[in-house]
Structure formats: C-alpha cells, structure tokens
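# Coordinate analysis (summary)
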Amino acid sequence: MNALLLAAAEEPQPPLIPHLDELVIGLIAFVIVFGFLAKKLLPNINKVLDERREAIEGGIEKAESAQIEAQSVLEQYKAQLAEARHEAARLRQEATEQGTAIIQEMKAEGQRQREEIIAAGHAQIEADRKAASASLRQDVGKLATDLAGKLVGESLQDTARQSRTIDRFLDELEEKAEAVR
C-alpha cells in the first residue's frame with residue numbers, strides 16, 4: 001500500500017478526471033444495468049405506454065363517434081319536431097276551415113228552417129183566413145137568409161138560391177171594400 005501511496009504522491013491527478021480502472025468498472029456496471037433495464041423494464045414500459053396511447057386514441061375515437069351520432073340524432077329530432085309543427089299547423093288550418101264550413105252550413109240550415117217556418121206560417125194563416133172566410137160566409141148567409149125570411153114573411157130555405165144570393169151579396173161587399181181602398 002505504501003507503493004500506491006508513493007505512486008499517487010508522485011503523479012498529481014486532477015480531481016475531476018477519474019482513474020482508468022474506476023472508469024472501466026463504472027462503464028461495465030452501467031452496461032450491465034442498462035442491459036437489464038433494456039431487457040426487462042423497457043418492454044413493460046413500452047407496453048404500458050402503447051396501451052395508454054391506444055386507450056386515449058380509442059377514447060377520442062369513441063367520443064368523436066358519439067358526438068357524430070349525437071349530432072345525427074339531434075338533426076333527426078329537429079326534423080321530426082319541424083314535421084310535427086308543420087302537421088300541427090296543417091291540422092289547425094283544417095280545423096279552422098271545417099269550423100268555418102260548419103258555421104256556414106248551420107247558418108244556411110237556420111235560414112232554410114226560418115224560411116220553412118215563415119212559409120208554413122203564411123200557409124197556415126192563409127188556410128185559417130179561408131176557413132174563417134168560408135165560415136163567415138155561411139154564418140152571414142144564414143143570418144141574412146133568416147133576416148130576409150123574417151122581413152119577407154116567407155122561408156127562403158132553397159140552398160142553391162140561398163148560396164147564390166149570399167155569394168153575390170158578399171162579392172158586392174168585397175168590391176165596395178176594394179173600391180174604398
């Protein structure tokens with residue numbers, strides 16, 4: 001050991017440069033550790049990194065496909081909503097048109113019924129007037145015949161003559177009434 005000390009004392013060694021034998025031993029140890037890491041640890045690290053990359057890329061692809069699908073579904077819903085709105089507007093328009101048509105039909109039916117009622121009323125009035133006129137003619141004729149019979153003193157029971165006389169008398173009265181108007 002003395003010899004080493006003496007040799008070390010003879011040559012001044014710069015402190016930053018290592019001895020050659022230390023350098024060789026360090027280099028061999030580095031190659032062994034690097035080889036071990038390259039053989040055992042580096043494939044596991046690369047495998048984990050590849051799995052992560054694939055998971056991330058797969059997640060991105062899934063997210064993109066989900067976004068595309070969601071966009072497609074949204075467009076379908078918007079189209080269906082627009083179609084439903086259009087259909088609702090069409091149904092509202094049809095209902096309005098049908099309501100207007102029903103109102104017009106009801107007005108026309110009401111007008112027709114009103115006219116029928118008025119015509120029936122006029123016909124009934126005319127029938128009642130004719131019945132009253134005929135009844136009045138008979139009553140007036142009978143009274144006039146009875147009165148004439150009492151005045152003359154004999155019975156005027158001949159119906160044909162009586163009827164002609166009454167009709168002539170009433171016709172004269174009607175002509176006088178019309179002349180006055």
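Residues numbered from 1 in each chain as written. Predicted model: local features only at pLDDT ≥ 70, side-chain atom pairs only at ≥ 80, totals over all residues. Heavy atoms only, no water.

### Details of the overall build of the chain
Cut-off, in case you're wondering: In this description a helix means any DSSP run of H or I spanning at least four residues, a strand means any run of E spanning at least two, and both kinds are numbered starting from the N terminus. Throughout this description, buried means an accessible area under 20% of the type-specific maximum (1.4 Å probe, protein chains only), exposed means over 50%, and partly exposed covers the range between. We get accessible surface area from the Shrake-Rupley algorithm with a probe of 1.4 Å; when it comes to residues, only the shown protein chains can shield them.
Secondary structure summary: the chain contains three helices and zero strands in total. Tracing the chain from N to C terminus, the helices and strands come up as α-α-α. The buried share among the 181 residues of the chain stands at 3%. For the chain, the accessible surface area stands at approximately 16,300 Å², while carbon and sulfur atoms represent 62% of it.

### Re the pattern of salt bridges
The condition that has to hold: A carboxyl oxygen of Asp or Glu within 4 Å of a side-chain nitrogen of Lys or Arg is what we treat as a salt bridge.
Inspection of the entire model under this criterion finds six salt bridges. Across the pair Glu-116 and Arg-112 runs a salt bridge, and its minimum N-O distance is 2.2 Å. Of this pair, Glu-116 and Arg-112 are both found in helix α2 (residues 20–152), four residues apart, which corresponds to roughly one turn of the helix. On the accessibility criterion, Glu-116 (45% relative accessible area) is partly exposed.

### Here's the deal with the confidence of the model for the chain
For the record, the criterion: The predictor attaches a confidence to each residue, and that confidence, scored 0 to 100, is pLDDT.
Across the chain, the average pLDDT comes to 83, with 85% of residues at or above 70. Predicted confidence in the chain is weakest over helix α1 (residues 2–10), with a mean pLDDT of 54, and strongest over α2, with 88.

### A few points about the packing of aromatic side chains
By convention here, two paired aromatic rings are described through the distance between centres and the angle between planes. Formally: Think of it this way: a Phe, Tyr or Trp ring, Trp meaning its six-membered ring, pairs with another when their centres are within 6.5 Å, and the plane angle makes it stacked under 30 degrees, edge-to-face over 60, tilted otherwise.
Scanning the entire structure with this criterion turns up one aromatic pair. Plain terms: the ring middles of Phe-30 and Phe-34 are 6.0 Å apart, the flat faces sit at 20° to each other, and that makes the pair stacked. A residue pair is termed a helical-turn pair when its members lie 3 or 4 positions apart in one helix, as Phe-30 and Phe-34 do in helix α2 at four residues. Note on Phe-30: relative accessible area 55%, which makes it exposed. A relative accessible area of 53% places Phe-34 in the exposed class.

### Quick word on the UniProt feature "transmembrane region" (unreviewed entry) in the chain
This is how the line gets drawn: UniProt positions are given in the numbering used here, feature names are shortened, and annotations may be inferred rather than shown by experiment.
In the numbering used here, UniProt assigns the feature "transmembrane region" (unreviewed entry) to residues 23–42. Between the end C-alpha atoms of residues 23–42 there is a gap of 26 Å, over a span that is 100% helix and 0% strand.

### Notes on a nonpolar patch on the surface
Note the cut-off: Patch building starts from residues that exceed 30% relative accessible area and form no salt bridge, then joins like charges within 9 Å and nonpolar side chains (Val, Leu, Ile, Met, Phe, Trp, Tyr) within 5 Å.
Among the surface-exposed residues, Val-33, Phe-36, Leu-37, Leu-41, Leu-42, Ile-45 and Leu-49 lie close enough to one another that they form a single nonpolar patch of about 620 Å² accessible area. Note that Leu-37 resides in helix α2. Exposure remark for Leu-37: the relative accessible area of 35% places this residue in the partly exposed category.

### A closer look at a negative patch on the surface
Which entries qualify depends on this criterion: When charges are counted, Lys and Arg contribute as positive and Asp and Glu as negative, whereas His and the chain ends are disregarded. To locate a charge, take NZ of a lysine, CZ of an arginine, CG of an aspartate or CD of a glutamate.
Together, Glu-51, Glu-54, Glu-57, Glu-61 and Glu-64 line one region of the surface with negative charge. Its location among the elements puts Glu-54 in helix α2.

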